[in-house]
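What follows is the residue order along each chain.
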Amino acid sequence: MPVDPQLRTLKVDIPSKPDALVELSLMLADDQVNLQAMSALIAADMALASAVLKAVNSSLYGLNGRVQSVKQAVTYLGTREVASVTFAMGLKAVFPHMPELDPLWDRANVRGMLMGRTAKALGMDPWVAHSAGLFEECGKAVLLRHAPERYRAMLNEAGPDDEALLMLEHAEFGVSHEALGAALCESWGLAPVAVDCVRFHVVVNATGELPRQLQNPAVCMLSAISNALMKDPDSVEAMVAKTAPQTTMDPAAVLAAVQGIQRQLEAAMERQQAA
């Protein structure tokens, strides 16, 4: 999908989707995914395969024993989970390494996992939810690559306040990381629901209010809840109570699903500390 022409006039480069992820997306579009072909595609890129194996062997996935091949990872975790990890590694690879991006990628990986697993527990599309969480802050990476020194200063000035960061971005560049992130998602072919989540994530996470024009507000709900879980677990119940009624979801079912994922995450952290 082409990038909005208005954004192109800003001369902010939107990175192209890596060839391996283009092929992977085509495979995932088939209801009967060829596991062997998918494993071979990822394994053919040594750097990508190494990054995927490192990720799936982390404590977050809680596998018994060490996974030593991409095929094993697909067997143990499933195609969608491994595809999500592969997209995370591919997204990270299109940007130059900068220390400021390390916490962004860490948050993206955890958020994507939380949203994907919660979506699955609620009968939603886990791939769409995971990709929305993974790409949520990617516009920051776009701006940091575009103007490293200027944007680094903005990140330092705004700190964790993304609403303040949006104001600084508009004043300096005339565009926000939300808009650029949504443009990247569109150009990479993500589902419109995921694009909307990236486009509106700052106001949703700050206020718990879901825009009326959303095709599927439940995905944005998962974003707000997952971010609350990552920043302040004690605020999760209140966020569920505020956002779930704005969707067709039952608040009690949403809270039960989130708490189940929270227990999984806590168990993973305990394993990591014990290792």
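This one's a predicted model, so the numbers in the text were calculated from it and none came from an experiment.

## A word on the overall build of the chain
Inference 1: Counting its regular elements, the chain contains 16 helices and zero strands.
Inference 2: Across its three principal axes, the chain shows a C-alpha extent of roughly 50 × 45 × 40 Å.
Inference 3: Scored against the burial criterion, the 275 residues of the chain give a buried share of 52%.
Inference 4: For the chain, the share of sequence-separated contacts (at least 6 apart) that also reach a separation of at least 24 residues comes to 63%.
Inference 5: For the chain, the distance from the average site of its 22 positive side-chain charges to the average site of its 31 negative ones is 4 Å.

## Let's talk about helix H6 (residues 79-93)
Inference 1: Spanning 15 residues, H6 covers 21 Å between terminal C-alpha atoms, matching the ideal 21 Å at 1.5 Å per step.
Inference 2: Taken as a whole, H6 has its buried residues at Thr79, Glu81, Val82, Ala83, Ser84, Val85, Thr86, Phe87, Ala88, Met89, Gly90 and Leu91.

## As for the pattern of salt bridges
Inference 1: Scanning all chains against the criterion turns up 12 salt bridges.
Inference 2: The salt bridge partner of Arg199 is Glu186, with a shortest N-O separation of 3.3 Å. Placement of the pair is Arg199 in helix H13 (residues 192-207) and Glu186 in helix H12 (residues 177-187), with a sequence separation of 13 residues.
Inference 3: Owing to a relative accessible area of 29%, Arg199 belongs among the partly exposed residues under this scheme.
Inference 4: Through salt bridges with shared partners, a single network forms among Arg107, Arg111, Glu136, Glu137, Lys140 and Asp162.

## Considering the nonpolar core
Inference 1: Among the nonpolar cores identified, the biggest contains 98 residues, and Leu91, Phe95, Phe135, Leu184, Met221 and Val254 are the most heavily contacted of them.
Inference 2: Setting aside chain neighbours within four positions, we find Phe135 in contact with Phe87, Leu91, Leu184, Cys185, Trp188, Leu190 and Val198.

## Regarding the packing of aromatic side chains
Inference 1: A full pass over the atoms with the stated rule returns four aromatic pairs.
Inference 2: Ring centres 5.1 Å apart and planes at 85° place the aromatic pair Phe87 and Trp127 in the edge-to-face group. Taken together, the residues Phe87 in helix H6 and Trp127 in helix H8 (residues 126-135) connect sequence positions 40 residues apart. Here Phe87 and Trp127 have matching classes, each one buried.
Inference 3: Consider the rings of Phe135 and Trp188, whose centres lie 5.6 Å apart with planes at 75°: the pair is edge-to-face. Highlighted residues: Phe135 in helix H8 and Trp188 in the loop between H12 and H13, separated in sequence by 53 residues. Here Phe135 and Trp188 have matching classes, each one buried.

## Section: the packing of helix H9 (residues 138-146) against H12
Inference 1: Two elements in contact, H9 and H12, have axes separated by 7 Å at closest approach and are oriented at 100°. With respect to each other, H9 and H12 are oriented roughly perpendicular. Residues Cys138, Gly139, Lys140, Val142 and Leu143 of H9 form the contact with H12, whose own contacting residues are His177, Leu180, Gly181 and Leu184.
Inference 2: Residue classes in the contact of H9 with H12 are distributed as five nonpolar, three polar and one charged.

## Focus: the environment of Asp162
Inference 1: Inspection of the secondary structure assignment puts Asp162 in helix H11 (residues 162-173).
Inference 2: Residue classification places Asp162 among the buried residues on the basis of a relative accessible area of 18%.
Inference 3: Discounting chain neighbours no more than four positions away, the residues touching Asp162 are Lys140, His177, His201 and Val202.

## Notes on the confidence of the model for the chain
Inference 1: The predicted model of the chain has a mean per-residue pLDDT of 88, with 93% of residues at 70 or higher.
Inference 2: No element of the chain has a lower mean pLDDT than helix H1 (residues 5-8), at 46, and none a higher one than helix H15 (residues 236-243), at 97.

## Quick look at the side chain of Glu137
Inference 1: If you trace the backbone, Glu137 turns up in the loop between H8 and H9.
Inference 2: Residues in contact with Glu137, not counting those within four places in the same chain, are Leu104, Arg107 and Arg111.

About the thresholds
Residues numbered from 1 in each chain as written. Predicted model: local features only at pLDDT ≥ 70, side-chain atom pairs only at ≥ 80, totals over all residues. Heavy atoms only, no water. Helix = DSSP H or I, 4+ residues; strand = E, 2+ residues; numbered from the N terminus. Buried < 20%, exposed > 50% of the residue type's maximum accessible area, 1.4 Å probe, protein only. Contact = heavy atoms within 4.5 Å. Lys, Arg positive; Asp, Glu negative; His and termini not counted. Charge placed at Lys NZ, Arg CZ, Asp CG, Glu CD. Expected span 1.5 Å × (residues − 1). Salt bridge = Lys/Arg side-chain N within 4 Å of Asp/Glu carboxyl O. Core = buried A, V, L, I, M, F, W, Y, C linked by side-chain atoms within 4.5 Å. Phe/Tyr/Trp six-rings, centres within 6.5 Å; stacked < 30°, edge-to-face > 60°. Axes fitted to C-alpha atoms, helices over the stretch in contact; angles between N-to-C directions. Parallel < 35°, antiparallel > 145°, perpendicular 65-115°, else oblique. Nonpolar A, V, L, I, M, F, W, Y, C, P; charged D, E, K, R; others polar. pLDDT = per-residue confidence, 0-100.

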